[in-house]
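# Reading the structure
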Amino acid sequence: MESYTERNDYDRSKLIKAALEVLPRSYAPYSHFNVGAAVLMDNGEMYTGVNIENAAYSATICAERTAIFKAIAADKNAKIVALAVVGGKDYTVTDYCVPCGICRQVMREFAEPDHMQVIVAKSVTDYKAMSLAELLPMSFGPNMLG
Ligand code: THU
């Protein structure tokens, strides 16, 4: 079986570039940790998102969910092909920014875990790619509800 991380049937650079380009729009006045994400759907559309914080901290939303919810608001039947995420303190990307557990579960709702690719990037050339199944093993999904 082909290793999922070798999947190359979409423009990975374009997705990472989009995540880097949207990063300056992150609204994170409390943590000063800024995140940008870009998601590619199986209908061919790409959506970007940033984290948007709130004075009532728990109302904060991550960049990944912003991007995914934009995509699903446009087409609730679309499935996620891949998602790229970049982030760091004060808009500076020095390390890989990995999706939080809540975002992984939201991805699970709209993706096939073995077929969705998650890319954590420092730049267009420095990144790691993995399947959602690797990030969220033994996941609970819509199929469980019958
Ligand atoms: N954050 C994201 O947007 N995505 C991640 O993958 C990790 C965390 C945001 C949430 C919060 O605004 C800030 O980063 C610090 O947790």
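Residues numbered from 1 in each chain as written. Predicted model: local features only at pLDDT ≥ 70, side-chain atom pairs only at ≥ 80, totals over all residues. Heavy atoms only, no water.

## What to know about the pairing of strand S2 (residues 46-50)
Note the following rule: Relative accessibility decides the category of a residue: with a 1.4 Å probe and only protein chains considered, values under 20% of the type maximum give buried, values over 50% give exposed, and everything between is partly exposed. Segments assigned H or I by DSSP are reported as helices when at least four residues long, segments assigned E as strands when at least two residues long, and all are numbered from the N terminus. Note: two strands are recorded as paired if DSSP finds a minimum of 2 bridges between them.
Where burial is concerned, most of S2 is hidden: four out of the five residues are buried. Direction of pairing for strand S1 (residues 33-41) relative to S2: antiparallel, over a ladder of five bridges. In the strand pairing of S2, Gly36 is matched with Val50. The loop that links S1 with its antiparallel partner S2 comprises four residues; one of these, Gly44, has a positive phi angle of about 90°.

## Remarks on the side chain of Ser26
Rule in force here: By definition, residues are in contact when any of their heavy atoms lie within 4.5 Å.
Mapping Ser26 onto the fold places it in the loop between helix H1 (12-22) and S1. For Ser26, a relative accessible area of 4% puts it in the buried group. Those residues in contact with Ser26 that sit more than four places away from it in its chain are Phe33, Asn34, Val35, Val50, Asn51 and Tyr91.

## Re the pattern of salt bridges
Filter applied, for reference: Criterion for a salt bridge: a side-chain nitrogen of Lys or Arg within 4 Å of a carboxyl oxygen of Asp or Glu.
A complete count under the given rule lists one salt bridge for this structure. Measuring nitrogen to oxygen at the nearest pair gives 3.5 Å for the salt bridge that ties Lys17 to Glu21. Linking Lys17 with Glu21, this pair stays in helix H1, spanning four residues, or about one helical turn. Taking relative accessible area as the criterion, Lys17 reaches 47% and is therefore assigned partly exposed. Judged by its relative accessible area of 54%, Glu21 falls in the exposed class.

## Points about the layout of surface pockets
The method is simple in principle: a probe with the dimensions of a water molecule rolls over the atoms, and the space it marks as empty is what remains. Formally: Cavity and pocket criteria rest on a 1 Å grid covering protein atoms alone: a 1.4 Å probe that fits but cannot get out defines a cavity, protein on both sides within 12 Å along at least 5 of 7 lines defines an open pocket, and an atom within 4 Å of a point defines a lining residue. Grid points are joined across faces, edges and corners, and a volume is the space filled by probe spheres set on the points. Each residue receives one of three labels: charged for Asp, Glu, Lys and Arg, nonpolar for Ala, Val, Leu, Ile, Met, Phe, Trp, Tyr, Cys and Pro, and polar for the others, Gly being one of them.
One number sums up the size of the largest pocket: a volume of about 160 Å³. Residues that form the lining of the largest pocket fall into these classes: eight nonpolar, three polar and two charged.

## Considering the packing of aromatic side chains
The following threshold applies: Planes of paired rings set the category: under 30 degrees apart is stacked, over 60 is edge-to-face and the rest tilted, where pairs are Phe, Tyr or Trp rings (Trp by its six-membered ring) whose centres lie within 6.5 Å.
Using the criterion set out here, one finds one aromatic pair in the structure. Here the aromatic rings of Tyr30 and Tyr57 are separated by 5.6 Å at their centres, their planes lie at 40°, and the arrangement is tilted. Linking Tyr30 in the loop between H1 and S1 with Tyr57 in the loop between S2 and helix H2 (63-74), this pair joins segments that are 27 residues apart in sequence. You can call Tyr30 partly exposed: its relative accessible area is 37%.

## Structural notes on unusual backbone geometry
Residue Asp90 is not a glycine yet carries a positive backbone phi of 50°. Relative to the helices and strands, Asp90 is located in the loop between strand S3 (80-89) and helix H3 (101-109). By relative accessible area, which is 47% here, Asp90 ends up partly exposed. In this model, Met138 sits at a positive phi of 50°, which is unusual for a non-glycine residue. Along the chain, the position of Met138 falls in the segment after helix H4 (132-135).

## Considering the sheet that holds S1
Note the cut-off: Between N-to-C directions, angles span 0 to 180 degrees; the directions come from axes that are lines fitted to C-alpha atoms, helices contributing only their stretch in contact.
Taken together, five strands build an open sheet; the order of strands is S2-S1-S3-S4-S5 and the sheet is mixed. This sheet does not close on itself; its edge strands, each paired only once, are S2 and strand S5 (127-131). With direction set aside, neighbouring strand axes in the sheet form an average angle of 15°. One ladder, built from five bridges, connects strand S4 (residues 117-121) with S5; its direction is antiparallel. Following the sheet pairing, Ile119 is matched in S5 by Ala129. Strands S1, S2, S3, S4 and S5 of the sheet are contacted by H1, whose axis makes an angle of about 145° with S1.

Such coordinate-based values are descriptive only and should not be taken to indicate function.
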